[in-house]
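Analysis of the macromolecular model
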Amino acid sequence: MAYQEPEFLPWDGRRVPITFVGGYLGAGKTTAINEILHETDRPIAVIVNDVGAINVDAALVKRRHGDTLELTDGCVCCSAVDGFGAAFDQIRARPEPPDHVIVELSGVAEPANVVPWGSSAGFLLDGVVVVAAVDQLLDATMPEWIRIHLERQLAEADLVVLTKTDLADAAAIEAARARLGDIAPTAPIVDGGRGRREAGALGRFLALGGHRSGDAARVPGPTLFDLHEVNSVPVDGPLDRAGIEALLDSLPRHIGGHIARAKGVIQTPDGPVLVQVVGQRREVTPLLPREFQDPTDLVVISVSAGV
Ligand SMILES: Nc1nc2c(ncn2[C@@H]2O[C@H](COP(=O)(O)OP(=O)(O)OP(=O)(O)O)[C@@H](O)[C@H]2O)c(=O)[nH]1
Ligand SMILES: [Mg+2]
Ligand SMILES: [Zn+2]
């Protein structure tokens, strides 16, 4: 690791609380962070890590929140450590510290690997939030290796945000909570499902009050990052809705393997849309005129063949 602690503490020794937000690909991290930012006027700096070459998430957060730093094309816990250090330095170089820093980890990051950064010069780790989707927790088709790493992410949580409860029935939610009770028995759980969130629940993100040392056991063998492959698929737009569906249908033929996640901005005859794929679920959302951005390649993340 090339990172070196700066010689002088910034801001006369004051330390800024920092919250890491982890959780598997597509679990709902960006959605949850955007909701928190919507609830508060506090000056919060956000660092967003996307493993793909295009940082779709940073653009999504930036649309609502100016103070957003992007880390693209690699994972902050392993392959993009230098970029992570540079983002911290950039914040340290400010004359005035932000009130709080939120870091969206990539979906393949291991929170345990980034925890030490939370106590680097000028910062104080407020805690680790792990976002978990009901359907992913209960996915019996998930390869064993991925499941082990998912559990390792969760074992580091000071707070779990359970998402997609709006898509699940009561029995599934209960089963997901029971699994969380086994994996992360001491972490409180808040319902982060769309339309189901209690007011202020996500605000607990910013008041964790410290990190309980994680009991995530080291997993020998490949990292979660190693188990995935990232591809950029150029899109010949504009495409209408049927064209987008056909493109998504064709992805497994191009990419091979199981597609865990895809996202990008695609031009349509009616303006740009955000395309999101998580497992079997697809979401196509028109961007509002104030949110317009240039079309991007589609970033496609698949589980490497042979896993
Ligand atoms: N129905 C429903 N959809 C959700 C919920 N949370 C997130 N989503 C959708 O799930 C998809 C992924 O959400 P994101 O917030 O981008 O997930 P993420 O964890 O940031 O994804 P990566 O950064 O790519 O790992 C999007 O289409 C969201 O609209 C939820 O609670 N309910
Ligand atoms: Mg995200
Ligand atoms: Zn990593």
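What comes next concerns the included structure. (Residues numbered from 1 in each chain as written. Chains lettered and ligands numbered in written order. Predicted model: local features only at pLDDT ≥ 70, side-chain atom pairs only at ≥ 80, totals over all residues. Heavy atoms only, no water.)

**Some points on the environment of Ile183**
One can find Ile183 in helix 7 (residues 170-183). Spatially, the C-alpha atoms of Ile183 and Phe292 are 41 Å apart, while their sequence positions differ by 109 residues. Those residues within four positions of Ile183 in sequence are excluded, and the remaining contacts are Glu151, Leu154 and Ala155. (Helix = DSSP H or I, 4+ residues; strand = E, 2+ residues; numbered from the N terminus. Contact = heavy atoms within 4.5 Å.)

**Some thoughts on the coordination of the magnesium ion (ligand 2)**
Around the magnesium ion (ligand 2), the protein contributes the donor atoms Thr30 (OG1), Asp57 (OD) and Glu104 (OE), at 1.8 to 2.1 Å from the metal centre. When the donor residues of the magnesium ion (ligand 2) are listed from N- to C-terminus, their spacing reads T-x26-D-x46-E. Taken together, the positions of Thr30 in helix 1 (residues 29-39) and Asp57 in helix 2 (residues 56-62) put the pair 27 residues apart, joining distant regions of the chain. Here Thr30 and Asp57 have matching classes, each one buried. (Donors = N, O, S within 2.8 Å, 3.2 Å for Na, K, Ca; no water. Buried < 20%, exposed > 50% of the residue type's maximum accessible area, 1.4 Å probe, protein only.)

**Here we look at helix 8 (residues 241-255)**
The first and last C-alpha atoms of helix 8 sit 21 Å apart over 15 residues, in line with the 21 Å expected at 1.5 Å per residue. At Asp249, helix 8 shows its maximal kink, close to 30 degrees; a proline, Pro252, follows between one and four residues later. Those residues of helix 8 that fall on the buried side of the exposure criterion are Ile244, Leu247, Leu248, Ser250, Leu251 and Ile255. On its buried face, helix 8 is in contact with strand 8 (228-233), strand 9 (258-268), strand 10 (271-278), strand 11 (281-286) and strand 12 (298-303). (Expected span 1.5 Å × (residues − 1). Bend = angle between axes of the 7 residues up to and from the residue.)

**Side note on the sheet that holds strand 8**
Taken together, five strands build an open sheet; the order of strands is 8-12-9-10-11 and the sheet is antiparallel. Pairing within the sheet leaves two strands with one partner each, and these edge strands are strand 8 and strand 11. Ignoring which end each strand starts from, the neighbouring axes of this sheet average 15 degrees apart. Pairing of strand 8 with strand 12 involves six bridges; the strand directions are antiparallel. Bridge pairing links Val230 to Ile301 in strand 12. The sheet strands contacting helix 8 are strand 8, strand 9, strand 10, strand 11 and strand 12, and the helix crosses strand 9 at an angle near 145 degrees. (Pairing = 2+ DSSP bridges. Axes fitted to C-alpha atoms, helices over the stretch in contact; angles between N-to-C directions.)

**A word on the coordination of the zinc ion (ligand 3)**
Cys75 (SG), Cys77 (SG) and Cys78 (SG) make up the full set of protein donors to the zinc ion (ligand 3), lying at 2.2 to 2.3 Å. All donor residues of the zinc ion (ligand 3) come from one chain, and their arrangement in sequence is C-x1-C-C.

**Observations concerning the sheet that holds strand 2 (residues 44-50)**
Overall, parallel pairing links the seven strands, which are arranged 3-2-4-1-5-6-7 in an open sheet. If you trace the sheet from one side to the other, it starts and ends with strand 3 (68-72) and strand 7 (189-191), each paired once. When strand polarity is set aside, the average angle formed by the axes of neighbouring strands in this sheet is 20 degrees. For strand 2 and strand 3, the ladder comprises five bridges, and the chain directions are parallel. Within strand 3, the residue paired with Val46 across the bridge is Thr68. Sheet contacts for helix 1: strand 1 (16-22), strand 2, strand 4 (100-104) and strand 5 (123-133); angle to strand 4, the most-contacted strand, approximately 160 degrees.

**Regarding the packing of aromatic side chains**
Enumeration according to the criterion identifies six aromatic pairs in this entry. Ring geometry for Phe84 and Trp117: centres 5.0 Å apart, planes at 50 degrees, overall tilted. Here Phe84 is found in helix 3 (residues 81-92), whereas its partner Trp117 is found in the loop between helix 4 (111-114) and strand 5, with 33 residues between them in sequence. Residue classification places Trp117 among the buried residues on the basis of a relative accessible area of 6%. Here the aromatic residues Trp11, Phe20, Phe84, Phe88, Trp117 and Phe123 are joined through ring pairs into a cluster of three or more. (Phe/Tyr/Trp six-rings, centres within 6.5 Å; stacked < 30°, edge-to-face > 60°.)

By themselves, these observations are geometric and do not establish any function.
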